[in-house]
Amino acid sequence: MRRSTVRGVTVATVATALVLGSPLAAQAATYPSDSTEPDLVSLLSGYDQYWTSSGKNDLHGTVDDPATLAKNDQLTSWINQHATTAQQFRALQDAEYDNATNTAYDQSFTVSQGLGETLSKLFVQGRNDGDLPLVNALVNSSNGTSGAYVGTGDAKAHYSYPRPYLPTDTAATLPAGDDTASCNPATVNASSLAANRTGTAWADAKGNLTITRVPATTDTTHEFSPNDVVLDAGYGQKGICTGGSYPSGHTTTAYQAGITLATLVPELAPEILARTSEAGNDRIVLGVHYPLDITGGRIDGEAALAARWSDTQYRTEVLEPARAELTAYLEAKCGDTLANCIAAERPYTDDPYGGQAMPGGTAQVVTDRASAVQVYRERMTYGFAQTGTAGLAPSVPTGASNLLLSTFPTLTDAQRTQVLAQTEIASGHPLDQSGSANGSWERLDLAAATSATVAVGADGTATVVATGGQARVVSGVLSAPEGTSVQAGKTIALAGTGLPAGATLQVVLRSDPVTVGTLTVGTDGTATGSVVIPADAPVGAHTLDLADASGASVLVTPLAITVTAASNAGGSTGGAGTAGGTGATGTVPAGVHLPVVSG
């Protein structure tokens, strides 16, 4: 049995509708959020400070911020010119949309690589065999109720910015095979950008941006479809050449599919989100979009899925049943619990530029969860200068906290909002709307938030104590009953409550993580003891926290302490008290990272 078909329309109709940013309606309105889609033009209006469209949807307008749009050009050309051959192929795969004959695939298939090598194959198999009908109806990028929830057609027409590969030269020769009637450079061009490009290292003498087209090919891997599938970036198609570049429609659908899948399998959310960011970046690889277009598409996807998860009826009748279906299917096919299947998995990896670092950034290589979270964050801003107000307070949009419902089901809405606020990036980067009625979708770092260790204090406050690991909530409390000021080389008495019964826990001194002793927890979840602060510990503010035996879990809200200078008499060599603290200098606990917090 094959997955559901888009019926009653031609392949060309499907392709054109999706390229122009207008998903095909999957069904009549049934849920409250069906008729209250986010207003993308409003959410994306930060673009107005960089470019003013002519208002005629003719790809012409006025450059308002030459420096930001020049950076947009530079990064686009570099990414297009430096992507590996393997990345170009993945970019063509990410450009694909399913067709009316139901023989191809779309981004809701390709982003599933974030599940890891084995689970991704099982996911694709289940959809192609018809074993995941609820998931397919939800996530499909052509007509899924979340995967194709919002379209970008109105926003593209409103901003009407020319694509990178379009010539600025109105007399340029159209490449063979392009639609000569629709894509004629005399009318379809980037001439409004010529002055901003002429004389730069990333454009020729006439201001044409340096972009290489990635040739069409046939996907014979059968990775996502049992059929051979022709892959074509569509440079010469009317829907591409005349459609505005901002925001990216493909990136919008990629994030709608990717965030949906990340909420269905929150255990792998950071990897899925990183793969989704790769799908957006692949639009730049092909030279059909700029980084700001990708940021806009991410904003679209975040707002769309927040609206869906905030719709109680849709959440309980569509999202949660699909999650249950997918979990049961993956466990049955894997033959174990989902946690054990993930532990045995080869994770998602990527090396888009063959190890070459992009201007102002890194090589964006993904090898594990921590690097996936880091690459996701880098692609949130692409190194653009802050063009807005820096240093603003967190500005979490209404409803965004519901994107963490499946990751942190035991937290309250206020606590999930606190997690998002503490993992946000700084204000002022392009497209940030901090302080506005919309809030700032641009600042949301979902990869960090879904990989956070969250400590809940006695007053109910949620504190992010680490990111880049397994999402977890801890409620242990560590205190210093004899005071939090201690001389270097001396002992400090500790007491813990709400800890795992019977566990032996490492006491870790930060900011340079050093294991300074252990505490043994009683059957009632409490522990007492003392540890020696190293004699060479720097004078000043530090924190102590607890980790499990592997060093992989932070279990308490960090205890703030002050280390003072050692006395002339020398440091203590005393024992470790009732907990048997060692006072020995240790190594950095594996998998423990400092929290990512910005104001």
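See above for the structure.
Note that residues are indexed from 1 along each chain, following the sequence as it is written. In view of the model being predicted, local features appear only for residues whose pLDDT reaches at least 70, and side-chain atom pairs are presented and counted only at 80 or more, with totals across whole chains, interfaces and linings using the full set of residues. Based on all heavy atoms of the structure, the side-chain values leave hydrogens and waters out of the count.

Trainee: Can you help me understand the sheet that holds strand β12 (residues 514-520) in this one?
Mentor: In any sheet, the strands associate via hydrogen bonds between backbone groups, in a parallel or an antiparallel arrangement. Across the sheet, which stays open at both edges, the five strands sit in the order β9-β15-β14-β11-β12 with mixed pairing between neighbours. The strands lining the two open edges of the sheet, one partner per strand, are β9 (485-487) and β12. Between one strand and the next, the sheet's axes are offset by a mean angle of 35 degrees, whatever the strand orientation. By this definition, two strands are paired if DSSP reports at least two bridges between them. The numbering of helices and of strands both runs from the N terminus, where a helix is a DSSP run of H or I of at least 4 residues and a strand a run of E of at least 2. Fitted lines through C-alpha atoms give the axes, limited to the stretch in contact for helices. The angle between two N-to-C directions lies from 0 to 180 degrees.

Trainee: Teacher, can you tell me more about helix α12 (residues 269-285) here?
Mentor: Think of an α-helix as turning once every 3.6 residues; residues three or four places apart then point the same way. To estimate the expected span of a helix, subtract one from its residue number and multiply by 1.5 Å. Its 17 residues give α12 an end-to-end C-alpha distance of 24 Å, which sits within 8% of 24 Å, the value for a rise of 1.5 Å per residue. Exposed residues in this analysis have more than 50% of their type's maximum accessible area, buried residues have under 20%, and partly exposed residues fall in between, with area computed by a 1.4 Å probe over protein chains only. With respect to burial, α12 is a largely interior element, 17 of its 17 residues being buried. In the segment just after α12, Gly-287 is the residue with positive phi, at about 80 degrees.

Trainee: What should I look at first to understand unusual backbone geometry in this one?
Mentor: A cis amide bond links Tyr-246 with the next residue in sequence, Pro-247, at an omega value of -10 degrees. Within the element layout of this structure, Pro-247 appears in the loop between α10 (238-241) and α11 (249-264). If you check the backbone angles, Asn-57 has positive phi at about 55 degrees while not being a glycine. Secondary-structure assignment places Asn-57 in the loop between β1 (51-53) and β2 (61-63).

Trainee: Would you take a moment to explain helix α13 (residues 291-310) for this structure?
Mentor: Counted at 1.5 Å a residue, the expected span for α13 with its 20 residues is 28 Å, and the 29 Å between its end C-alpha atoms agrees. The buried fraction of α13 amounts to 18 of the 20 residues, a majority that puts the element mostly inside the structure.

Trainee: When you look at the state of the cysteines in this model, what are you seeing that I'm missing?
Mentor: Here, the word disulfide means a covalent bond between the sulfur atoms of two cysteines. Our working definition of a disulfide is a cysteine sulfur pair at a distance within 2.5 Å. Following the criterion strictly, the structure yields two disulfides and no others. Here Cys-183 pairs with Cys-241 through a disulfide, and the sulfurs are 2.1 Å apart. An S-S torsion of about -80 degrees defines the bridge between Cys-183 and Cys-241 as left-handed. Of this pair, Cys-183 sits in the loop between α8 (153-159) and α9 (194-197) while Cys-241 sits in helix α10, and the two are 58 residues apart along the sequence. Judged on exposure class, the residue Cys-183 and its partner Cys-241 are both buried. Note on cysteine connectivity: Cys-334 is disulfide-linked to Cys-341, with sulfurs 1.9 Å apart. Disulfide Cys-334-Cys-341: the torsion about the S-S bond is -115 degrees, which places it as left-handed. With relative accessibility at 6%, the residue Cys-341 sits in the buried group. If the cysteines joined by disulfides in the protein are listed in sequence order, their pairing comes out as 1-2, 3-4.

Trainee: Help me understand the nonpolar core, please; the structure alone is not making it clear to me.
Mentor: Generally speaking, a soluble globular protein has its nonpolar side chains buried in company with each other. Counting residues in each nonpolar core, the largest one holds 117 residues, and the members touching the most others are Tyr-47, Leu-119, Val-265, Leu-286, Leu-326 and Val-419. The greatest single-element share of this core, amounting to eight residues, is contributed by α13. Beyond its immediate stretch of four places on either side in the chain, Val-265 contacts Leu-115, Ile-272, Leu-326 and Leu-338. Nonpolar core, defined: a set of buried Ala, Val, Leu, Ile, Met, Phe, Trp, Tyr and Cys residues in which side-chain atoms within 4.5 Å join the residues together. Counting 29 residues, the second-largest nonpolar core is a separate cluster that includes Ala-480, Val-486, Val-516 and Ala-527. Note on contacts: a residue pair qualifies if any of its non-hydrogen atoms lie within 4.5 Å across the two residues.

Trainee: In this structure, what is going on with the pairing of strand β15 (residues 559-564)? I would like to understand it.
Mentor: A regular strand places its side chains so that they alternate between the two faces of the sheet. Alternating positions in β15 separate cleanly, Leu-559, Ile-561 and Val-563 being buried on one face and Ala-560, Thr-562 and Thr-564 remaining unburied on the opposite face. In terms of strand pairing, β9 meets β15 through three bridges, oriented parallel. Residue pairing for β15: Val-486 is matched across the bridge by Val-563. Judged from the five bridges that link them, strand β14 (residues 540-547) and β15 form a sheet pairing that is antiparallel. Bridge pairing in β15 places Ala-541 opposite Thr-562.

Trainee: What am I meant to see in the side chain of Ser-371 here?
Mentor: Tracing the sequence through the fold places Ser-371 in helix α16 (residues 369-381). Definition of a polar contact: a pair of N or O atoms within 3.5 Å, with one able to donate and the other able to accept a hydrogen when the atoms are protein atoms, and with sequence-neighbouring residues admitted only if both atoms are side-chain atoms. Looking at Ser-371, its side chain comes within polar contact range of the side chain of Asp-368, at 2.8 Å. Apart from residues lying up to four places away in sequence, Ser-371 is in contact with Val-365 and Val-366.

Trainee: Looking at this structure, I do not really get the packing of aromatic side chains. What am I missing?
Mentor: The geometry of two aromatic rings is summed up by the distance between their centres and the angle between their planes. Working definition: a ring pair exists when centres of Phe, Tyr or Trp rings (six-membered ring for Trp) sit within 6.5 Å. Plane angles under 30 degrees give stacked, over 60 give edge-to-face, the rest tilted. Tallying each qualifying case throughout the model produces eleven aromatic pairs. Centre to centre, the rings of Tyr-47 and Tyr-50 are 6.3 Å apart; their planes meet at 75 degrees, and the pair counts as edge-to-face. Comparing Tyr-47 with Tyr-50 shows no difference in burial state: the two are buried. Pairing Trp-78 with Tyr-353 gives two aromatic rings, centres 5.0 Å apart and planes at 75 degrees, and the pair type is edge-to-face. Residue Trp-78 is found in helix α3 (residues 66-82), and its partner Tyr-353 is found in the loop between α15 (338-343) and α16; the two are separated by 275 residues along the sequence. Its relative accessible area of 14% is what places Trp-78 among the buried residues. Accessibility expressed as a relative area gives 0% for Tyr-353, which makes it buried. Aromatic ring contacts, followed pair by pair, group Tyr-47, Tyr-50, Trp-51, Tyr-159, Tyr-161, Tyr-246 and Tyr-290 into a single cluster. When the NZ atom of lysine or the CZ atom of arginine is within 6 Å of a ring's centre and also within 35 degrees of its normal, the charge is said to sit over that ring. Sitting over the ring of Phe-109, Arg-127 keeps its end group 3.9 Å from the ring centre. Its end group placed over the ring of Tyr-314, Arg-308 keeps NZ or CZ at 4.0 Å from the ring centre.

Trainee: Would you mind showing me how to read the environment of Gln-93 here?
Mentor: Within the element layout of this structure, Gln-93 appears in helix α4 (residues 85-94). Overall, the relative accessible area of 1% leaves Gln-93 in the buried class. Separated by 126 residues in the primary sequence, Gln-93 and Asp-219 place their C-alpha atoms 7.9 Å from one another. Apart from the residues lying within four places of it in its own chain, the contact partners of Gln-93 are Tyr-105, Thr-110, Asp-219, Thr-221, Glu-223, Phe-224 and Leu-231.

On their own, these measurements won't tell you what the molecule is for.
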